[in-house]
Number of protein chains: 2
Amino acid sequence: MENTALHYLERSLPFWSRLSPAEQRELIANTMPQRYNAGQNVHSAANQCVGVLLVKSGELRTYIMSDDGKEITLYRLTESNVCVLSASCVLNNITFDVYIDAERDTEVLMINAACFSRLLEQNVYVENFALKIAVELFSEVMWTMEQILFMSFDKRLAIFLLDETSRLGSDTLSLTHEQIAKYMGSAREVVSRMLKYFEKEGIVRLSRGAIEIARKDRLKDIL
Amino acid sequence: MENTALHYLERSLPFWSRLSPAEQRELIANTMPQRYNAGQNVHSAANQCVGVLLVKSGELRTYIMSDDGKEITLYRLTESNVCVLSASCVLNNITFDVYIDAERDTEVLMINAACFSRLLEQNVYVENFALKIAVELFSEVMWTMEQILFMSFDKRLAIFLLDETSRLGSDTLSLTHEQIAKYMGSAREVVSRMLKYFEKEGIVRLSRGAIEIARKDRLKDIL
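Presented here is an overview of the structure given in this document. Model, not experiment: these values are computed from the prediction.

Looking at the overall build of chain A
The secondary structure content of chain A amounts to eight helices and eleven strands. Looking at chain A alone, contacts between residues at least 24 apart form 67% of all its contacts between residues at least 6 apart. For chain A, the exposed surface amounts to about 10,500 Å²; the carbon and sulfur share of it is 45%. Distance from the positive charge centre (25 side chains) to the negative charge centre (30 side chains) of chain A: 5 Å.

What follows is the structure in structure tokens.
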């Protein structure tokens, strides 16, 4: 393993100093750089236990999917986030399935699932690290669910558009209504109807495959 | 503390043997029996950090609530379950609010939140215990959410009725449509409409305040 990758491991894993020298060597020997292309599936029910992923660059999207293909985005992981649900087979208490896709070209360090499982068995600090990350996700997922279950759709769409503009640092979003519906776990018709309402109100300007936020202040008023 | 309560602590807390004698004494000194009447609120956003609750008998229901009072039941705790979300202030990674009510007359052992917080800071096995319980809840909540978000309502209602009959060991449920709607995070009208459909199909018999499951096999066919 190259030196920069080793430094990245030390920096990203708070349990590093709690590992014995032998455990550190085992971890290093079982960690590999890996690339995913934008759109590539990283993890699914059929493709379990890829391992623990340390995101170096790019973006991973985690979602659940119904039998008929409806998706709900749970959360996104970017630089220096650690993905443990991609190793859910080693966490006995995680009994649900998620899908993980690369949203952009993504570079990760991948810790082999079998190795991580051994370390987790023998070192309580490794186990607590993985559990803590899962509990943080729990909080994020609860927030997402409350939005979906309780909020009116205008609020949800306003939040989505504001989040995207700040995430991308641009007031013009290159997204189809179909894509927005997919990300929000909604239907294209519902998204189109609300966007047209926003356009009529002068809040957004719509063009083919793009949405320009014209009045961010008015979008914030909806919240 | 009486001897039976002490035995209950030892049996319910897997980290007991990992505590120092001083930590065990501190825990005993900060644990009290507590009773809740059926319907009583145990924990809410306004009433944080009751402490960790070890259920001895009865039933606690954990739910989330929207601004306009709509409730969604996340999970139920019964005998020998441990409730950590009632001490969410001591778990840094839990950032969402839940409500907890006693569904029946309920007896618990309550570990004081400040004491549990100290133990959790100083003993990695106490932290491990609390995190594991939280992650198990995560899995339960995900299951509930997937049901709500993805399943058609006839399936959800069929599952609810089957779960209740097996939970209570009776084919007659003393529940109003209003109560079912509340437990399922739905509207009374929706529940009534589906129950009437089930009645027309000969699957249930409806009377004032009660639902008799006439054809459990047909209910199972819906799943």
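Comments concerning the sheet that holds strand E9 (residues 172-173) of chain A
Residue and element names in this part refer to chain A. The three strands lie next to each other as E9-E11-E10, forming an open sheet whose pairing is antiparallel. Looking at strand neighbours, the two that pair on one side only are E9 and strand E10 (204-207), the edges of this open sheet. Two elements, E9 and strand E11 (residues 210-213), share two bridges in a ladder whose sense is antiparallel. If you follow Thr-172 over to E11, its bridge partner there is Glu-212.

A word on the relation of the copies chain B and chain A
Superposing chain B onto chain A takes a rotation of 180° plus a shift of 0.1 Å along the axis, which leaves an RMSD of 0.1 Å. Taken together, the turn and the small shift mark the pair as related by a two-fold rotation axis.

Some remarks on the pairing of strand E7 (residues 99-102) of chain B
All names here are of chain B. Note: strand E2 (residues 41-43) against E7, two bridges, orientation antiparallel. The partner of Asn-41 across the bridge, within E7, is Asp-101. Direction of pairing for strand E4 (residues 60-65) relative to E7: antiparallel, over a ladder of four bridges. By the bridge assignment, Arg-61 is partnered in E7 with Asp-101.

Brief notes about the interface of chain B and chain A
By a frequent convention, interface size equals the accessible area lost on bringing the separate parts together. Facing the 30 residues of chain B at the interface are 30 residues of chain A. Between chain B and chain A, the buried area comes to about 3,000 Å², and carbon and sulfur atoms account for 75% of it. Viewed at the interface, chain A and chain B are joined by two salt bridges. Here Lys-132 of chain B ties to Glu-127 of chain A by a salt bridge, and the two come within 3.5 Å at their closest N and O atoms. Where chain B meets chain A, there are six residue pairs in polar contact (both at pLDDT 80 or more). Listing elements by their share of the side of chain B that touches chain A, those giving two or more residues are E4, strand E5 (71-77) and helix H4 (124-150) of chain B. Among the elements that take part in the side of chain B that touches chain A, H4 of chain B stands out by supplying 19 residues, more than any other. Looking at the side of chain B that touches chain A residue by residue, the class counts come to 19 nonpolar, five polar and six charged.

Quick look at the state of the cysteines
All names here are of chain A. Within this structure, the stated rule accounts for two disulfides over all chains. Two residues share a disulfide in this structure: Cys-49 and Cys-89, whose sulfurs sit 1.3 Å from each other. Sign of the S-S torsion, about -90° for the bond between Cys-49 and Cys-89, identifies this disulfide as left-handed. Within this pair, whereas Cys-49 is found in the loop between strand E2 (41-43) and strand E3 (52-57), its partner Cys-89 is found in the loop between strand E6 (82-83) and strand E7 (99-102), the two being separated by 40 residues in sequence. Assessed through its relative accessible area of 43%, Cys-89 is described here as partly exposed. Here Cys-115 is not disulfide-linked; the sulfur of Cys-49 is the nearest cysteine sulfur, at 12 Å.

Observations regarding the sheet that holds strand E11 (residues 210-213) of chain B
Pairing between the strands of a sheet is mediated by backbone hydrogen bonds and can be parallel or antiparallel. Residues and elements named next belong to chain B. The strand order across the open sheet formed by three strands is E9-E11-E10, and the pairing between neighbours is antiparallel. Lying at the two open borders of the sheet, with one neighbouring strand each, are strand E9 (172-173) and strand E10 (204-207). With four bridges joining them, E10 and E11 adopt antiparallel strand pairing. Paired with Arg-205 across the two strands is Glu-212, which belongs to E11. Against the sheet, helix H7 (residues 188-200) makes contact with E10 and E11, and its axis sits at roughly 125° relative to E10, the strand it touches most.

With respect to the packing of aromatic side chains
All names here are of chain B. In total, this model carries nine aromatic pairs over all chains according to the counting rule given. Ring centres of Phe-15 and Phe-129 lie 5.1 Å apart, and the angle between their planes is 70°; this geometry places the pair in the edge-to-face category. Of this pair, Phe-15 sits in the loop between helix H1 (3-12) and helix H2 (21-29) while Phe-129 is found in helix H4, placing the two residues 114 residues apart along the sequence. Each member of the pair, Phe-15 together with Phe-129, is buried. Relative to Tyr-183, the ring of Phe-160 lies with its centre 6.4 Å away and its plane at 35°, an arrangement referred to as tilted. Of this pair, Phe-160 sits in helix H5 (residues 153-168) while Tyr-183 sits in helix H6 (residues 177-184), and the two are 23 residues apart along the sequence.

Re the packing of helix H4 (residues 124-150) of chain A against H4 of chain B
Look at H4 of chain A against H4 of chain B: their axes get within 9 Å of each other, and the N-to-C directions meet at 30°. Crossing hand, H4 of chain A versus H4 of chain B: left-handed. Taken together, the residues of the contact of H4 of chain A with H4 of chain B break down into 24 nonpolar, two polar and four charged.

Examining the side chain of Ser-44 of chain B
Residue and element names in this part refer to chain B. On the secondary structure map, Ser-44 appears in the loop between E2 and strand E3 (52-57). Ser-44 sits in the buried class, given a relative accessible area of 10%. Excluding residues within four positions of it along the chain, Ser-44 makes contact with Val-98 and Tyr-99.

Some details on helix H6 (residues 177-184) of chain A
Residue and element names in this part refer to chain A. Restricting attention to buried positions, one finds in H6 the residues His-177, Ile-180, Ala-181, Tyr-183 and Met-184. The buried side chains of H6 occupy one side of the element, clustering within an arc of 165° when seen end-on. Buried positions along H6 lie against strand E4 (60-65), strand E5 (71-77), helix H5 (153-168), helix H7 (188-200), E10 and E11. A positive phi of about 65° marks Gly-185, the residue just after H6.

Reading guide: rules and limits
- Residues numbered from 1 in each chain as written.
- Chains lettered and ligands numbered in written order.
- Predicted model: local features only at pLDDT ≥ 70, side-chain atom pairs only at ≥ 80, totals over all residues.
- Heavy atoms only, no water.
- Helix = DSSP H or I, 4+ residues; strand = E, 2+ residues; numbered from the N terminus.
- Contact = heavy atoms within 4.5 Å.
- Areas by Shrake-Rupley, 256 points an atom, 1.4 Å probe, with all protein chains shown as cover.
- Lys, Arg positive; Asp, Glu negative; His and termini not counted.
- Charge placed at Lys NZ, Arg CZ, Asp CG, Glu CD.
- Pairing = 2+ DSSP bridges.
- Least-squares fit on C-alpha atoms with pLDDT ≥ 70 in both.
- Buried area = accessible area lost by both parts, 1.4 Å probe.
- Salt bridge = Lys/Arg side-chain N within 4 Å of Asp/Glu carboxyl O.
- Polar contact = N/O pair within 3.5 Å; in protein donor to acceptor, adjacent residues only side chain to side chain.
- Nonpolar A, V, L, I, M, F, W, Y, C, P; charged D, E, K, R; others polar.
- Disulfide = S-S within 2.5 Å.
- Buried < 20%, exposed > 50% of the residue type's maximum accessible area, 1.4 Å probe, protein only.
- Axes fitted to C-alpha atoms, helices over the stretch in contact; angles between N-to-C directions.
- Phe/Tyr/Trp six-rings, centres within 6.5 Å; stacked < 30°, edge-to-face > 60°.
- Left-handed = near helix turned anticlockwise from the far one by under 90°.
- Arc of directions from axis to C-beta.

Nothing here speaks to function; it is all geometry.
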